[in-house]
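Remarks on the overall topology
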Amino acid sequence: MATAIRTQFFTPTATTTTTARSQPLLRLHFPHSSKRINSIFSISCSSQSQSQPQSQPEPLRHRPPYIPNHIPDPSYVRIFDTTLRDGEQSPGASMTSKEKLDIARQLAKLGVDIIEAGFPAASIDDFEAVKMIATEVGNAVDENGYVPVICGLSRCNEKDIQRAWDAVKHAKRPRIHTFIATSSIHMEYKLRMTREQVIEKARSMVAFARSLGCEDVEFSPEDAGRSDREFLYQILEEVIKAGATTLNIPDTVGITMPSEFGKLIADIKANTPGVENVIISTHCQNDLGLSTANTIEGARAGARQLEVTINGIGERAGNASLEEVVMALKCGGHIFNNLHTGINTRHIYLTSRMVEEYSGLQLQPHKALVGANAFAHESGIHQDGMLKHKGTYEIISPEDIGLERTNEAGIVLGKLSGRHALRKRLEELGYELKDDQVESLFWRFKAVAEQKKRITDADLRALVTDEVFQAEPIWKLADIQVTCGTLGLSTATVKLVGDDGNTHVACSVGTGPVDSAYKAVDLIVKEPATLLEYSMIAVTEGIDAIATTRVLIRGESNQASTHALTGESVQRTFSGTGAGMDVVVSSVKAYIAAINKMLSFKETPSAKKIPVTASNVS
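Below: a short report on this structure.

Cut-offs applied
Residues numbered from 1 in each chain as written. Predicted model: local features only at pLDDT ≥ 70, side-chain atom pairs only at ≥ 80, totals over all residues. Heavy atoms only, no water. Phe/Tyr/Trp six-rings, centres within 6.5 Å; stacked < 30°, edge-to-face > 60°. Helix = DSSP H or I, 4+ residues; strand = E, 2+ residues; numbered from the N terminus. Pairing = 2+ DSSP bridges. Axes fitted to C-alpha atoms, helices over the stretch in contact; angles between N-to-C directions. Contact = heavy atoms within 4.5 Å. Patch = residues over 30% accessible without salt bridge, like charges linked within 9 Å, V, L, I, M, F, W, Y side chains within 5 Å. Areas by Shrake-Rupley, 256 points an atom, 1.4 Å probe, with all protein chains shown as cover. Salt bridge = Lys/Arg side-chain N within 4 Å of Asp/Glu carboxyl O. Core = buried A, V, L, I, M, F, W, Y, C linked by side-chain atoms within 4.5 Å. Buried < 20%, exposed > 50% of the residue type's maximum accessible area, 1.4 Å probe, protein only. Parallel < 35°, antiparallel > 145°, perpendicular 65-115°, else oblique. Left-handed = near helix turned anticlockwise from the far one by under 90°. Nonpolar A, V, L, I, M, F, W, Y, C, P; charged D, E, K, R; others polar. Expected span 1.5 Å × (residues − 1). Polar contact = N/O pair within 3.5 Å; in protein donor to acceptor, adjacent residues only side chain to side chain. Right-handed = clockwise from strand over helix to strand, strands pointing away.

1. Focus on the packing of aromatic side chains
- Considering all chains together, one arrives at three aromatic pairs under this definition.
- With centroids separated by 5.3 Å and ring planes inclined at 70°, the aromatic side chains of Phe 442 and Trp 443 adopt a geometry described as edge-to-face.
- When the ring of Phe 442 is compared with that of Phe 445, the centres are 6.3 Å apart and the planes differ by 40°; the resulting orientation is tilted. Of this pair, Phe 442 and Phe 445 are both found in helix α14 (residues 435-449), three residues apart, which corresponds to roughly one turn of the helix.
- Aromatic ring contacts, followed pair by pair, group Phe 442, Trp 443 and Phe 445 into a single cluster.

2. Considering the sheet that holds strand β6 (residues 246-251)
- Reading around the barrel, the eight strands line up as β1-β2-β3-β4-β5-β6-β7-β8 and close back on themselves, with parallel pairing between neighbours. The average angle at which neighbouring strand axes cross in this sheet is 25°, direction not considered.
- In the sheet, strand β1 (residues 78-81) pairs with strand β2 (residues 114-118) via two bridges, with the strands oriented parallel. Note that in β2 the partner of Asp 81 across the bridge is Ile 115.
- On the sheet, helix α4 (residues 158-168) packs against β3 (149-155) and β4 (174-181) and is oriented at approximately 165° with respect to β3.
- Sheet strands touched by helix α10 (residues 322-331): β1 and β8 (305-308). Its angle to β8, the strand with the most contacts, is close to 145°.

3. Here's the deal with a nonpolar patch on the surface
- On the surface, a cluster of nonpolar side chains totalling about 260 Å² of accessible area is made up of Ile 255, Met 257 and Leu 288.
- Locating Leu 288 in the fold gives a position in the loop between β7 (279-284) and α9 (291-300).

4. What to know about the nonpolar core
- Phe 219 and Ile 401 are the most contacted members of the largest nonpolar core, which totals 92 residues.
- A per-element tally of this core places helix α7 (residues 229-242) first, with eight residues.
- Ignoring sequence-local partners within four residues, the contact set of Ile 401 consists of Met 327, Thr 345, Arg 346, His 347, Ile 348, Tyr 349, Leu 369, Val 370, Phe 375 and Ile 396.
- Counting 30 residues, the second-largest nonpolar core is a separate cluster that includes Val 521, Val 584, Val 588 and Ala 594.

5. Quick look at the packing of helix α6 (residues 195-211) against α7
- Their axes nearest at 8 Å, the elements α6 and α7 cross at an angle of 25°. Relative to α7, α6 is oriented roughly parallel. Crossing hand, α6 versus α7: right-handed. From α6, Arg 195, Val 198, Ile 199, Ala 202, Arg 203, Val 206, Ala 207 and Arg 210 reach across to α7, where they touch Phe 231, Gln 234, Ile 235, Glu 238, Val 239 and Ala 242.
- Counted by class, the contact of α6 with α7 contains nine nonpolar, one polar and four charged residues.

6. Description of the pattern of salt bridges
- Evaluated as defined, the whole model comprises 34 salt bridges.
- Its salt-bridge partner being Arg 85, residue Glu 116 comes within 3.2 Å of it at the nearest N-O pair. Here the residue Glu 116 occupies a position in strand β2, and Arg 85 occupies one in the loop between β1 and α2 (97-110), the gap between them amounting to 31 residues. Assigned by exposure class, Glu 116 and Arg 85 land together as buried.
- One salt bridge in this structure joins Glu 324 and Lys 367, with 2.8 Å as the shortest N-O distance.

7. Thoughts on the packing of helix α16 (residues 513-525) against helix α17 (residues 583-600)
- One way to put it is that α16 packs onto α17 with a least axis distance of 10 Å and a crossing angle of 35°. Between α16 and α17 the crossing geometry is right-handed. Packed against α16, whose contacting residues are Pro 513, Val 514, Ala 517, Tyr 518, Val 521, Asp 522 and Val 525, the element α17 presents Val 584, Ser 587, Val 588, Tyr 591, Ile 592, Ile 595 and Leu 599 at the interface.
- Its residues assigned to classes, the contact of α16 with α17 comprises twelve nonpolar, one polar and one charged.

8. Thoughts on α6
- Its 17 residues place the ends of α6 24 Å apart at the C-alpha level, agreeing with the 24 Å of an ideal helix rising 1.5 Å per residue.
- Val 198, Ile 199, Lys 201, Ala 202, Ser 204, Met 205, Val 206, Phe 208 and Ala 209 are the residues of α6 that are buried.
- Here the buried face of α6 lies against α4, β4, α5 (184-191), β5 (217-222) and α7.
- Once α6 finishes, Gly 213 follows within two positions and takes phi at roughly 105°, a positive value.

9. Observations concerning the side chain of Glu 116
- Accessibility expressed as a relative area gives 0% for Glu 116, which makes it buried.
- Here the side chain of Glu 116 touches His 177 through a polar contact of 2.8 Å, side chain to side chain.
- The contacts of Glu 116, once residues within four sequence positions are left out, are Phe 80, Asp 81, Thr 82, Leu 84, Arg 85, Cys 151, Leu 153 and His 177.

10. Topic: helix α15 (residues 457-467)
- Of all eleven residues that make up α15, eight are buried, and the element is covered over most of its length.
- The set of residues buried in α15 consists of Asp 459, Leu 460, Arg 461, Ala 462, Leu 463, Val 464, Thr 465 and Asp 466.
- Those residues of α15 hidden inside the fold are in contact with α11 (348-359), α13 (419-428), α14, β13 (547-555), β16 (573-580) and α17.

11. Some thoughts on the side chain of Arg 353
- Mapped onto the elements of the fold, Arg 353 is located in helix α11.
- Given a relative accessible area of 18%, Arg 353 falls into the buried group.
- Polar side-chain contacts of Arg 353 include one of 3.3 Å to the side chain of Glu 356.

12. Some details on the pairing of β6
- For β6, the tally of buried residues reaches six of six residues, placing the bulk of the element in the interior.
- Along β6, one buried face is formed by Thr 246, Asn 248 and Pro 250 and the opposite face, lined by Leu 247, Ile 249 and Asp 251, is buried too.
- In the classification by handedness, the crossover that spans β5, the intervening α7 and the parallel β6 is right-handed.
- Bridge analysis of β6 against β7 gives six bridges, and the strand direction is parallel. By the bridge assignment for β7, Asp 251 is matched with Cys 284.
- Taken together, β6, helix α8 (residues 258-271) and β7 constitute a β-α-β crossover, and its handedness is right-handed.

13. Some remarks on the pairing of β16
- Burial analysis of β16 places eight of its eight residues in the buried class, the great majority of the element.
- Examined bridge by bridge, β13 and β16 share eight bridges and lie antiparallel to one another. Of the residues in β16, the one forming a bridge with Arg 550 is Thr 577.

This is the structure we're talking about:
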């Protein structure tokens, strides 16, 4: 445990203030959420004049039948979500198998066409998660015949491809996604392969994937944005001949300008033999903040599959954001030749919150569409306009993405509220919980309601996150007692309950209440971990606000997995969140949640650094 890091938590110095020049380790924020506007009209993006507000959301357009290499409707755009693969490669975004399954179910409610469920060769845990998603979500056909394609990523080698197929073959619509780098810098310094070797490897591995019985194979030329055009046309022609059904064109390092990327897609469509028999896809990284713009330009140029992630999470600066791309297409339909998707936008907000909580990657307040400030109006001029007509400052209705700002049923929750009222409000917020989950949440709700006069929607979301959106409990907090102040050392006594039902108690001293409590937890768990990040946010206004804590830890054991792009072993980090009106309790819950994730992670037996060379790509 990195004690030196934690000694700063409650030290009364300038580091605990929020300034433009410093990034404090402890961040407290009280959002001004109680003054939001709750009336007037609701409008939606459409080609209609926005002077005539719509009271109802636009109906979903028809989703065409799924054919791997063809879309019957030329205006339909497939949404390929890689939150569970590229998104999870974000530092600290490691998720448990249960969390991945929950997100996959939510992505199916959202209506994404393809779910890239993971990189099965990365670890045992990744393999099991992809297999579970393929088995459960990949076979849940709805009344309209919709079921998402379940995809597994693999490098261009037989072992990876076989592993991916073993995981996704249980789905009704399985897909293998394989890739190899095609830019000169990658081939020379990373692969150490010639162009001829790369073409042969790509062709033979696509053919191998098809030979396994997989009829839906996606191929990606990694770093296509910096690849030689003629070489791209050549390798893409060969993989089409070998049986590829989708060609994904990635801007791997986010260097391409929108006009350049649009031309790249157009050039590939115009110069690649056989391209009329496949779907062109985009995958744009956000290193220069252009991923959404590049993705839209790709669609304008003829791409009919767009690879995105919820909240734009992913490697480095992230990926194109699903919510931004989908709503941009919806709002810009009149200039995008009526391109449309099968996304049910009313599930966007809840999906965003779920991914935020499970990944531990908190959204910036000004994040487009789903950030805390996206539909908040504090300026007097803006408030005046909103009171007169919402269309003056809102281009879409927040309800269109599932953000309900008013309580339509008129229910105010408090300590006298019952289970039925609680369940009703949770359903209004988009949560579909099982009876046992509602029962567990109800008693937490009553405990908070005894101390607060009114429970807000933000409080409910924090409680749902703390009770439902958590890893399987290997350790659970039973009781905690702390003594702290200026008169002596801080001490903490912690009681934990293990998954075997036995209780364990430990006492420790530290530089503050959180430090001493974390040390007591370490004495019980006996699993060394280093604390990398700690942050806290108050979810509502007032001194009685619920505090949500997020921590990021790294195990000192070898919780490692294989990185999809580099082939190297990477040490995983694990996030955890906890909520409570007591900041110490909230902090300990978050730490235990992160430890539970770490302990449940299954390693790849052979996880070790393997340089990517021509000799081992096969």
